[in-house]
Amino acid sequence: MIDIRNLTKEFDGNYVLTDVSETIRKGEIFAIIGPSGQGKTTLLRILGLLERPTSGQVLLEGRSITHLSDNDPVRRRIGMVFQNHVAFKDSVYNNIAIGLRYRGFGKDEIKKKILQKLDEIGLAGYENRKATTLSGGEKQRVSLARVMVTGPDILILDEPTANLDPVSTEVIEDLIRYYNKELGTTVLMSTHDLIQGQRLADRVAVMMNGRFIQSGTIFDVFTRPCSVDVAKFIGIGNILPGKVIRKEDGISVILTHGVEIFAIGENPVGTRVKVAIRPEEITLHTGPDRWSSARNVIFGTVTGVRPFGIISLIGVKSGDLHLSAQVTWQSIHELDLKPGVQVVLSFKAPSVHLMPEENHHECR
Amino acid sequence: MNDLLTGIQTAIGLILVADPEVLNITFRTLQITFSSVLLSTIIAIPLGSAITFRNFHGKKTLISLIQTLYALPTVIVGLLCYMLLSRSGPLGELRWLFTPNGMIFGQTILIIPIMTGLSIAALQAIDPVITDTIRSLGASRLQFLRSHLREARFAIMAAIIVGFSRAISEVGTAIMIGGNIKGHTRVLTTAISLQTSMGNFNLSLALGIILLAIALVINLFMGFVQNR
């Protein structure tokens, strides 16, 4: 439905977007994830026709929409909600009515549509309230209603819940899902919260330094990050440099910091790689018996314990190799984990993910 | 102190008995001030909008210049208008010198800068997300402008009040262009000036109270509209 072709945007000599290409399919929720300040907002503003790219173009159903005038009817097919929730200094009713009035709808029709939208967003009876007195979450719901009441084909959301509390975030997410599923609206959103991407998106693209580094299903990105940057962003705690030294029964053996690790991978012998292992994929024991099914077994010493709520990250050292493993709070007490304790780490070969050595590798 | 008290008493008396001279001056003042505020509004708001929403070379300089003209002395406006409207001046054909029309002309010129400048400030103070929202909802050029003016309506009203206050209280232009002709171009401020120089403090005070009362009523009305 939307074809983004080689978009580049330059502000005063700085490239905010570099050669961004992607196809957004009709009816999907597509999320751009990535840390703040990487170009997500600029890309969405170009797609929302608020900015023009320096080069490249955006095609909507085959027609270029990058250099339209402010009056072009295509603009009315694309709705946009912004990160900073603001409301017009007016009643809730007039806030939602504005786009309908631009489109010349009659009074009765406007009223009917607004009452229905107020009901959908859970603010029935709020029509005469001053919109500026609403809470942040309520304002953002009004913003969503203001756009959706005009019936756009494409809804663009720039970090729609970045400034909201968890309860309001859930309400907004439910509404996004509702509009996508019930009305078939194509949704393009950005978020720095990859878990939100996981909850909502059919497909995601990871944006870093103004480029899409990786795109695919959230599962692909989560399990097979294509570069160290992506791996770090999605929270993989163990990223190690290594080299494929031989193959055994189709399994690659990687030498990293003097330790051999078994992994599934296509890389030929001799390739330098980065090894990514999620701390939650590593099992930690103090006894000898329970790790028999795992291909990788590493003996080491606890170097530190870092609590993260109910779970903790245990730092373990084996020669020059440092790894983090995730254990529950309870296990820490049961196994009496503290620096200096001897432990055994085990993890399966499929839990080890191999990435190319060089960073910023686009692998799409 | 006693003089002041008796003055105020006399003043209230003059107002209560609806002294024809006082009424005459008051109505003329309102007529001239409202006319110049209306004219200035018609010019300043579109001008301020155009300056705010268009990008052109020297925009910042122009805005600074407009802000400098907030301090435009009334006597300078009086002088310029006198030269323009005098028999031999470029607008001499209008025969507006020493007429209410001439005073309206002068006061309009006097308050255009401050009303334009404050309109620009009002429109620039709108949150950029509001502007983005208006654009992305597909507003036409006119709808874009109307929505922005509506969003800035309280600050724009304040600009109008400031213009009104400056027009109703100025004396320099009124006396130089109007000439303070009794029954013709005499307004509250010029009358106060004359009566004071003639020693009629009570009448001066009465006129002063009326002037302030008008300003009060206008402000109360605007405040009421804003709180609605």
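Residues numbered from 1 in each chain as written. Chains lettered and ligands numbered in written order. Predicted model: local features only at pLDDT ≥ 70, side-chain atom pairs only at ≥ 80, totals over all residues.

## Concerning the interface of chain B and chain A
Selection rule: Two residues qualify as a contact pair if the distance between their C-beta atoms, derived from the backbone, is within 7 Å. Helix and strand assignments follow DSSP, with helices taken as H or I runs no shorter than four residues and strands as E runs no shorter than two, numbered in order from the N terminus. Here the nonpolar group is Ala, Val, Leu, Ile, Met, Phe, Trp, Tyr, Cys and Pro; Asp, Glu, Lys and Arg are the charged ones; every other residue, Gly included, is treated as polar.
At the interface, 14 residues of chain B touch 17 residues of chain A. Contributions of two or more residues to the side of chain B that touches chain A are made by helix 6 (128-136) and helix 7 (141-151) of chain B. In terms of residues, the side of chain B that touches chain A owes the most to one element, helix 6 of chain B, which gives five residues. Residues that form the side of chain B that touches chain A fall into these classes: four nonpolar, five polar and five charged.

## Observations regarding helix 3 (residues 107-120) of chain A
Residues and elements named next belong to chain A. Filter applied, for reference: One less than the number of residues in a helix, times 1.5 Å, gives the span that helix is expected to have. To sort residues by exposure, count the other C-beta atoms lying within 10 Å of each residue's C-beta; 20 or more gives buried, 12 or fewer gives exposed, and values between give partly exposed, all with C-beta atoms placed from the backbone. The arc in question is formed by the directions pointing from the helix axis toward the C-beta atoms.
Its 14 residues give helix 3 an end-to-end C-alpha distance of 20 Å, which sits within 8% of 20 Å, the value for a rise of 1.5 Å per residue. Among all positions in helix 3, only Ile114, Lys117 and Leu118 are buried. The buried side chains of helix 3 occupy one side of the element, clustering within an arc of 100° when seen end-on. Residues Asp108, Glu109, Lys112, Gln116 and Asp119 are exposed on helix 3 and point more than 90 degrees away from its buried face. Structurally, helix 3 contributes buried residues whose contacts are with helix 2 (92-102) and helix 4 (136-148). Two residues or fewer past helix 3, glycine 122 is found with a positive phi of approximately 75°.

## Details of the packing of helix 10 (residues 188-197) of chain B against helix 11 (residues 201-227) of chain B
All names here are of chain B. Counted only if it meets this: Angles shown run from 0 to 180 degrees and are taken between the N-to-C directions of axes, each axis being a line fitted to C-alpha atoms and, for helices, limited to the stretch in contact. In this scheme, roughly parallel covers angles under 35 degrees and roughly antiparallel covers those over 145, while 65 to 115 is roughly perpendicular and the rest are oblique. Less than a right angle of anticlockwise turn of the near helix away from the far helix marks a crossing as left-handed, whereas a clockwise turn marks it as right-handed.
Taken N-terminus to C-terminus, the directions of helix 10 and helix 11 make an angle of 160°; their axes are 8 Å apart at the nearest point. By the angle between their directions, the pair helix 10 and helix 11 is classed as roughly antiparallel. Considering how the two elements wind past one another, helix 10 and helix 11 form a crossing that is left-handed. Each of Leu188, Ala191, Ile192, Gln195 and Thr196 in helix 10 lies in contact with helix 11, whose residues at this interface are Phe201, Leu203, Ser204, Leu207, Gly208, Ile210 and Leu211.

## Concerning the pairing of strand 8 (residues 186-191) of chain A
All names here are of chain A. What counts, and what does not: Note on pairing: two strands pair once DSSP finds at least 2 bridges between them. With its strands directed away from the observer, a crossover is right-handed exactly when the path from the first strand over the helix to the second travels clockwise.
Along strand 8, six of the six residues are buried, which leaves the element largely enclosed by surrounding structure. Side chains Thr186, Leu188 and Ser190 of strand 8 all project onto a buried face; the interleaved residues Val187, Met189 and Thr191 project onto the opposite face, where all are buried too. Here strand 3 (residues 29-33) runs beside strand 8; their pairing, made up of five bridges, is parallel. Note that in strand 8 the partner of isoleucine 32 across the bridge is serine 190. Bridge count between strand 7 (residues 154-158) and strand 8: five bridges; the pairing is parallel. Residue isoleucine 156 lies in a different strand from strand 8, and its bridge partner there is leucine 188. Following the chain from strand 7 across helix 5 (residues 166-183) to the adjacent parallel strand 8, one finds a crossover that is right-handed.

## Let's talk about the sheet that holds strand 17 (residues 311-318) of chain A
All names here are of chain A. Within the open sheet, the five strands sit side by side as 15-19-16-17-18. Their pairing is antiparallel. In this open sheet, the two edge strands, each paired with only one partner strand, are strand 15 (283-285) and strand 18 (321-328). Direction aside, the axes of adjacent strands within the sheet are offset by 45° on average. As judged from the three bridges shared by strand 15 and strand 19 (residues 342-347), these two strands associate in the antiparallel manner.

## Description of the sheet that holds strand 2 (residues 14-24) of chain A
Two orientations exist for strands paired in a sheet by backbone hydrogen bonds: parallel and antiparallel. Residue and element names in this part refer to chain A. With respect to topology, four strands assemble into an open sheet ordered 2-1-4-5, the strand pairing being antiparallel. Taken across any chain shown, the strands that pair with only one partner, and hence form the sheet edges, are strand 2 and strand 5 (63-64). Where helix 1 (residues 40-47) meets the sheet, its contacts fall on strand 1 (2-11), strand 2 and strand 4 (55-60), and the angle it forms with strand 1 comes to roughly 120°.

## Structural notes on the domain arrangement of chain A
Residue and element names in this part refer to chain A. The condition is simple: An automatic or database domain assignment is the source of the domain bounds shown.
In terms of domains, chain A is made up of domain 1 (2-228) and domain 2 (236-356). On a C-alpha basis, the centroid separation for the pair domain 1 and domain 2 is 40 Å. Within the side of domain 1 that touches domain 2, the residues separate by chemical class into three nonpolar, one polar and one charged.

## Here's the deal with the packing of helix 4 (residues 74-85) of chain B against helix 5 (residues 100-124) of chain B
To describe two helices that pack against each other, one gives the angle between their axes and the distance between the axes. All names here are of chain B. Where helix 4 contacts helix 5, the two axes come as close as 10 Å, and the packing angle between them is 130°. In terms of orientation, helix 4 and helix 5 fall into the oblique class. Helix-helix and strand crossings are classified by hand; for helix 4 and helix 5 the assignment is right-handed. The residues of helix 5 that touch helix 4, namely those facing Thr74, Val77, Gly78, Cys81 and Leu85, are Gly102, Phe105, Gly106, Ile109 and Leu110. Partitioning the contact of helix 4 with helix 5 into residue classes produces six nonpolar, four polar and no charged.

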